[in-house]
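Listed below are the residues making up each chain.
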There are 2 protein chains.
Amino acid sequence: MADRSLIFPADEYQQRTARLQRSMDQNGIDALLLTTAPDVFYVTGFLTRFWESPARPWYVVVPSHGEPIAVIPTIGADLIQRTWIKDIRTWQAPNPRESGVALLSDALRDVVSERGCIGVPMGLETQLRMPLADYFELEKTVTPRTLVDATACVQRVRERKSEAEIAKLRHICNVAGQAFDTVPSFAATGVGLDQVFAEFQIACLCAGADWISYVAGAAGQGGYGDVISPADARPLVAGDVLMLDTGAVCDGYFCDFDRNYAIGPPGDAAARAYDALWQATQEVLGTITPGQRACDAHQMLCDALVRQGAEPGGGRLGHGLGLSLTEWPSISAVDETELVEGMVLTLEPSAIIAPGKIMVHEEVVVLRSDKAELLSPRAPAQMPVILP
Amino acid sequence: MADRSLIFPADEYQQRTARLQRSMDQNGIDALLLTTAPDVFYVTGFLTRFWESPARPWYVVVPSHGEPIAVIPTIGADLIQRTWIKDIRTWQAPNPRESGVALLSDALRDVVSERGCIGVPMGLETQLRMPLADYFELEKTVTPRTLVDATACVQRVRERKSEAEIAKLRHICNVAGQAFDTVPSFAATGVGLDQVFAEFQIACLCAGADWISYVAGAAGQGGYGDVISPADARPLVAGDVLMLDTGAVCDGYFCDFDRNYAIGPPGDAAARAYDALWQATQEVLGTITPGQRACDAHQMLCDALVRQGAEPGGGRLGHGLGLSLTEWPSISAVDETELVEGMVLTLEPSAIIAPGKIMVHEEVVVLRSDKAELLSPRAPAQMPVILP
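Right, let's walk through the structure included here. (Residues numbered from 1 in each chain as written. Chains lettered and ligands numbered in written order. Predicted model: local features only at pLDDT ≥ 70, side-chain atom pairs only at ≥ 80, totals over all residues. Heavy atoms only, no water.)

## Concerning the sheet that holds strand β11 (residues 311–312) of chain B
Residues and elements named next belong to chain B. Pairing is antiparallel in the open sheet, where three strands are placed in the order β11-β15-β16. Since the sheet does not close on itself, it has two edges, and those belong to β11 and β16 (357–360), each with one partner. Direction of pairing for β11 relative to strand β15 (residues 350–354): antiparallel, over a ladder of two bridges. In the sheet register, Pro312 faces β15, and the bridge partner there is Ala351. Contacts between helix α9 (residues 268–287) and the sheet are confined to β15 and β16, with β16 contributing the most and set at about 35° to the helix. (Pairing = 2+ DSSP bridges. Helix = DSSP H or I, 4+ residues; strand = E, 2+ residues; numbered from the N terminus. Contact = heavy atoms within 4.5 Å. Axes fitted to C-alpha atoms, helices over the stretch in contact; angles between N-to-C directions.)

## What to know about the pattern of salt bridges
All names here are of chain A. Under the criterion given, the structure shown has 44 salt bridges over all chains. Across the salt bridge formed by Asp251 and Lys168, the nearest N and O atoms sit 2.6 Å from each other. Taken together, the positions of Asp251 in the loop between β8 (240–250) and β9 (253–254) and Lys168 in helix α7 (residues 163–181) put the pair 83 residues apart, joining distant regions of the chain. Note on Asp251: relative accessible area 12%, which makes it buried. (Salt bridge = Lys/Arg side-chain N within 4 Å of Asp/Glu carboxyl O. Buried < 20%, exposed > 50% of the residue type's maximum accessible area, 1.4 Å probe, protein only.)

## Regarding the pairing of strand β16 (residues 357–360) of chain A
Residue and element names in this part refer to chain A. Bridging between strand β15 (residues 350–354) and β16 involves four bridges; their strand directions are antiparallel. What sits directly across from Ala351, in β16, is Met359. The antiparallel pairing of β15 with β16 creates a hairpin that spans two residues between the two strands, and Gly356 there sits at a positive phi of about 75°.

## Brief notes about the interface of chain A and chain B
The partner chain B presents 69 residues to the 70 residues of chain A that form the contact. Buried area between chain A and chain B, summed over both chains or domains, comes out near 6,100 Å², and the portion from carbon and sulfur atoms is 61%. On the chain A side of the interface with chain B, the three residues burying the most area are A:Arg49, A:Leu132 and A:Ile228, jointly 11% of the side's total. For the pair chain A and chain B, the interface holds four salt bridges. Of the charged contacts, one joins B:Arg97 and A:Glu336 as a salt bridge, the two residues approaching to 3.3 Å between their closest N and O atoms. For the pair chain A and chain B, the interface holds 20 residue pairs in polar contact (both at pLDDT 80 or more). Elements with a contribution of two residues or more to the side of chain A that touches chain B: α3 (77–81), α5 (132–142), α8 (193–207) and β7 (211–221) of chain A. Of the residues forming the side of chain A that touches chain B, the biggest block, six residues, is contributed by α8(A). For the side of chain A that touches chain B, the residue count by class is 36 nonpolar, 16 polar and 18 charged. (Buried area = accessible area lost by both parts, 1.4 Å probe. Polar contact = N/O pair within 3.5 Å; in protein donor to acceptor, adjacent residues only side chain to side chain. Nonpolar A, V, L, I, M, F, W, Y, C, P; charged D, E, K, R; others polar.)

## Regarding the relation of the copies chain A and chain B
Expressed as a screw operation, the relation of chain A to chain B combines 0.0 Å of axial shift with a rotation of 180°, fitting to an RMSD of 0.0 Å. Taken together, the rotation and translation describe the operation of a two-fold axis. Nearest to the rotation axis, the C-alpha of A:Ile202 is located 2.7 Å from it, this being the minimum over chain A. (Least-squares fit on C-alpha atoms with pLDDT ≥ 70 in both.)

## As for the side chain of A:Arg259
Residues and elements named next belong to chain A. Position of Arg259 relative to the elements: it lies in strand β10 (residues 257–263). Of note is the side chain of Arg259, whose polar atom sits 2.4 Å from the backbone oxygen of Pro377. When near neighbours in sequence (up to four residues on either side) are disregarded, Arg259 contacts Phe180, Leu242, Met243, Leu244, Glu362, Glu363, Ser376, Pro377, Arg378 and Ala379.

## Some details on α5(A)
Among all positions of α5(A), only A:Leu132, A:Asp134, A:Tyr135, A:Leu138 and A:Val142 are buried. Taken around the axis of α5(A), the buried residues stretch over an arc of 150°, which confines them to a single face. Tucked into the core, α5(A) has its buried residues touching β1 (31–34), β2 (59–63), α4 (101–111), β5 (117–120) and β6 (146–149) of chain A together with α5 (132–142) of chain B. (Arc of directions from axis to C-beta.)

## Here's the deal with the packing of helix α1 (residues 10–27) of chain B against helix α2 (residues 37–44) of chain B
All names here are of chain B. Contact pair α1 / α2: the axes reach a minimum separation of 7 Å and the direction vectors enclose 115°. In this view, α1 runs roughly perpendicular relative to α2, as classed from their interaxial angle. Residues Tyr13, Arg16, Thr17, Arg19 and Leu20 of α1 touch α2, and the partners they reach there are Phe41, Tyr42, Val43 and Thr44. Its residues placed into classes, the contact of α1 with α2 shows five nonpolar, two polar and two charged. (Parallel < 35°, antiparallel > 145°, perpendicular 65-115°, else oblique.)

## Details of the sheet that holds strand β17 (residues 363–367) of chain A
All names here are of chain A. The sheet built from five strands is open, its strands ordered β13-β12-β14-β17-β18 with antiparallel pairing. Edge strands, defined here as strands with exactly one partner in the open sheet, are β13 (327–330) and β18 (372–374). In this sheet, adjacent strand axes meet at a mean angle of 35° when their direction is disregarded.

Below is the structure:
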């Protein structure tokens with residue numbers, strides 16, 4: 001049977017590493033220091049929910065030539081040994097007397113000359129997953145080597161998904177699609193939104209998700225307000241629009257799309273908003289293409305919504321997707337990132353129905369050389385109605 | 001019905017803030033800058049799974065006097081307005097042209113004099129959840145104010161759980177306990193470990209968990225190897241010991257404990273290891289008390305295991321628990337943190353059965369003034385046997 005700890009054959013990770021190394025060459029970076037679950041998995045295949053514990057940092061050093069080095073707590077040694085990584089250095093963590101920085105510093109000094117540059121993602125949509133005091137200590141111990149921002153160096157590589165990654169993303173989108181299909185079997189008048197959230201997570205697991213890192217949603221008369229609040233126990237009532245949105249995970253890859261349901265026959269405004277969102281998405285599915293910028297896609301979605309008679313919602317109307325619930329770029333008015341072949345994006349137009357009342361529609365696509373290909377099963381053209 | 005966005009009455013958060021402010025006074029800190037989901041929830045009651053998206057930073061500033069200030073992306077405005085926080089400053093994020101640092105810097109300069117100190121958790125078991133480049137920019141813009149490590153300032157407060165927190169932790173432990181009780185209904189010879197993981201997550205949701213942030217486990221003949229790998233499809237067979245471990249969440253609070261099951265009658269070595277772990281835990285449940293240090297509890301667990309004829313496993317044998325899957329301190333040989341009343345801890349002794357074969361046992365306790373009180377339903381004294 002497949003060794004789940006590797007997910008892909010070793011050459012997938014080797015190709016990723018080679019692409020990162022080409023990007024490092026172009027950016028004058030002699031080694032990358034990676035600290036987050038998505039970045040570490042991307043290079044190594046090291047996949048574990050243990051990242052949920054903030055107790056321990058995990059490091060991967062990617063030199064500009066040669067193979068990556070893992071500098072990790074002993075508790076991960078067994079798992080990383082099942083990946084393609086051969087240079088593995090461990091310490092017992094957490095330990096107030098031994099942070100692992102000396103070991104990490106040694107690894108970096110092994111592969112970066114004194115005049116060299118160490119790249120660390122520091123920009124928008126990145127985080128440094130290690131104690132800040134350890135970072136300052138590292139900065140001292142690698143001197144005179146410099147630490148520089150490697151956000152673009154990493155993002156320009158990771159944003160072009162391989163066919164193997166696209167297959168994983170399509171799979172988890174289909175899993176969530178199956179779960180969405182079952183919503184009418186448990187969402188009904190009188191059922192609390194918190195119960196709906198629980199049942200929906202169960203449906204995702206039954207359909208084959210490994211785990212559910214994100215579920216959001218909302219329900220309200222003719223539309224809903226904010227879409228990030230936890231579910232309350234308010235029962236669904238006729239006239240509600242119910243929205244569910246999920247970031248379910250299989251083999252480390254996330255889906256992220258939503259579906260709307262009318263509880264009882266929808267009112268005119270809600271039905272019109274749904275139709276406008278569906279049509280606007282349909283239009284942009286046919287026109288979005290590599291070579292445009294993220295802000296162009298935003299404009300296309302806004303224009304299409306206006307043509308459909310809807311008022312576009314604020315904020316971003318989509319984003320990258322892959323090894324975390326959201327990745328760059330943002331489909332927003334201010335993001336000029338070029339759309340490229342292999343990018344997986346959500347198209348997430350929202351429409352303002354009335355003050356404090358919105359509707360959000362979301363699909364997942366991969367950009368092919370000259371068009372977009374859907375990865376999520378397309379939402380129905382009419383809002384599904386759940387009758388009591 | 002209860003507003004789930006607040007979880008506790010406002011005075012719970014006000015008391016926490018007052019305790020943080022006393023700790024700040026003692027540590028010479030004029031304002032805290034908090035960036036992580038647990039720290040932000042602790043002060044504000046702002047609870048959302050939206051933290052799963054790395055796209056946006058979220059900031060809370062706690063001044064040494066007066067009320068906290070939230071500096072957050074616009075998308076969180078509705079939710080934070082339902083908490084007790086009144087000073088809310090928002091910007092549209094993510095935005096390559098506007099990081100939010102100017103807004104954050106203004107908030108800090110409003111409450112910290114030029115000679116003042118801004119505390120940021122930088123130490124063991126902390127992370128800075130914001131782009132590192134933004135942190136450097138902030139450092140410049142708040143000059144001459146200094147940024148200092150506030151790890152101890154925050155940890156000494158958060159580690160003493162209130163009765164309201166203890167009630168939440170007891171609740172989620174009971175939820176997981178109910179799920180563990182159902183394991184024999186789905187874990188059987190021939191069922192793959194990945195299927196067992198899925199069913200166990202479903203059981204946690206059915207028992208009332210809001211979501212499942214962590215499930216780990218393992219199965220192997222007479223014991224298992226590492227405990228952080230994803231589940232594979234290998235079917236359970238007679239002679240396996242199956243272990244499941246969960247960090248399920250209710251109202252933002254985590255449980256973290258495991259249970260072991262024998263698939264068919266256990267071998268002698270496995271049964272002896274289970275007994276030793278159970279008895280050693282039982283002994284320490286009776287002797288652990290405030291005033292000891294974390295390393296003392298580690299020694300007590302090791303000594304008790306040896307008395308029971310078992311070889312203690314390496315690494316830490318327990319840890320704090322609360323708003324994340326693991327919190328400080330570590331029950332390890334090197335952590336000298338004083339155990340205090342109100343601490344919630346896992347006792348997690350492990351025994352080495354043979355090379356590469358271990359067993360791990362885990363319970364959750366709260367430290368009362370002179371004893372420990374169990375929060376997890378106690379594991380059965382004999383290993384439960386699942387017959388085909």
